[in-house]
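What follows is the residue order along each chain.
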Amino acid sequence: MLETWEFRILIGRIAKIIKYSDQHLNELKLKADMAPIRKYGTDSIGLGQLYPSVRRTISSGHYGRWIASADEMDDYTVYEFGENYDPLRIRHINNGICTEETYFFEYEDVICAVPYVNIMNKFYSMGEVYCFIYDEGRLIEFSYITRFRVILYSFDNSRYPHVRLEKYDYDSEREEGSEQKTQHYEYDMSEGKIENLKLMK
């Protein structure tokens, strides 16, 4: 469980991550425009197929699926990667127009992804951040952070991990503001299936 100070640090940190992304946006865009690997998926939300499998398994959502080509499609998702398949950018195309794009970069040893939404042909930060933390090449923590919410997936470094899922909301109505734990699950992943799901108090 996150302590109050940990929660506030995470909430406060997204402003720094978004500021870094804004300052380097042209560089990130140029790098993604020259991506050596480009793949396509059906229409999706957020990170689409790049959400960790633990998120796609436990949480309902429109994640799309991989497709060979987006030719003759009006709505689809573009995934752009570097030479080693490191994600660079995700673009959501609707009716031939890019409505949202998310850029990936490393910030203080954490892989971050910041989404931008198209408003009147200009892209603006959506005020949210995805963070990926790895240990020896394996993902051990994935978080989605906004100014008012933290969703945290943490799991051990194993092939079939034990997963802890925590959701916190910032309660601005309380004096000085504080976090409120809304959901806390633990479960095991095995061959893409959920086992031993528990709602923790």
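Thresholds, definitions, all that
- Residues numbered from 1 in each chain as written.
- Predicted model: local features only at pLDDT ≥ 70, side-chain atom pairs only at ≥ 80, totals over all residues.
- Heavy atoms only, no water.
- Buried < 20%, exposed > 50% of the residue type's maximum accessible area, 1.4 Å probe, protein only.
- Helix = DSSP H or I, 4+ residues; strand = E, 2+ residues; numbered from the N terminus.
- Pairing = 2+ DSSP bridges.
- Salt bridge = Lys/Arg side-chain N within 4 Å of Asp/Glu carboxyl O.

1. Some points on the pairing of strand 3 (residues 76-81)
Here comes step 1: For strand 3, the buried fraction is high: six of the six residues fall into the buried class.
Here comes step 2: Residues Tyr-76, Val-78 and Glu-80 line one face of strand 3 and the alternating positions Thr-77, Tyr-79 and Phe-81 line the opposite face, and both faces are buried.
Here comes step 3: Where strand 1 (residues 37-42) meets strand 3, six bridges bridge the pair, whose relative direction is antiparallel. Within the sheet, the bridge partner assigned to Arg-38 lies in strand 3 and is Glu-80.

2. Observations regarding the pattern of salt bridges
Here comes step 1: The final tally for this structure, using the stated rule, is five salt bridges.
Here comes step 2: Between Glu-80 and Arg-91 there is a salt bridge; the shortest N-O distance is 2.9 Å. Taken together, the positions of Glu-80 in strand 3 and Arg-91 in strand 4 (residues 87-94) put the pair eleven residues apart, joining distant regions of the chain.
Here comes step 3: The class of Glu-80 is buried, set by a relative accessible area of 1%.

3. Some points on the pairing of strand 1
Here comes step 1: Where strand 1 and strand 2 (residues 66-67) come together, two bridges link them in antiparallel fashion. Residue pairing across strands places Gly-41 opposite Trp-66, the latter belonging to strand 2.

4. Examining unusual backbone geometry
Here comes step 1: In this structure, Glu-72 is a non-glycine residue whose phi angle is positive, near 65 degrees.
Here comes step 2: Checked against the element boundaries, Glu-72 lands in the loop between strand 2 and strand 3.
Here comes step 3: Accessibility expressed as a relative area gives 86% for Glu-72, which makes it exposed.
Here comes step 4: Phi at Asn-121 takes a positive value of approximately 70 degrees, unusual for a residue other than glycine.
Here comes step 5: With respect to the helices, strands and loops of the structure, Asn-121 is situated in the loop between strand 6 (110-119) and strand 7 (122-125).

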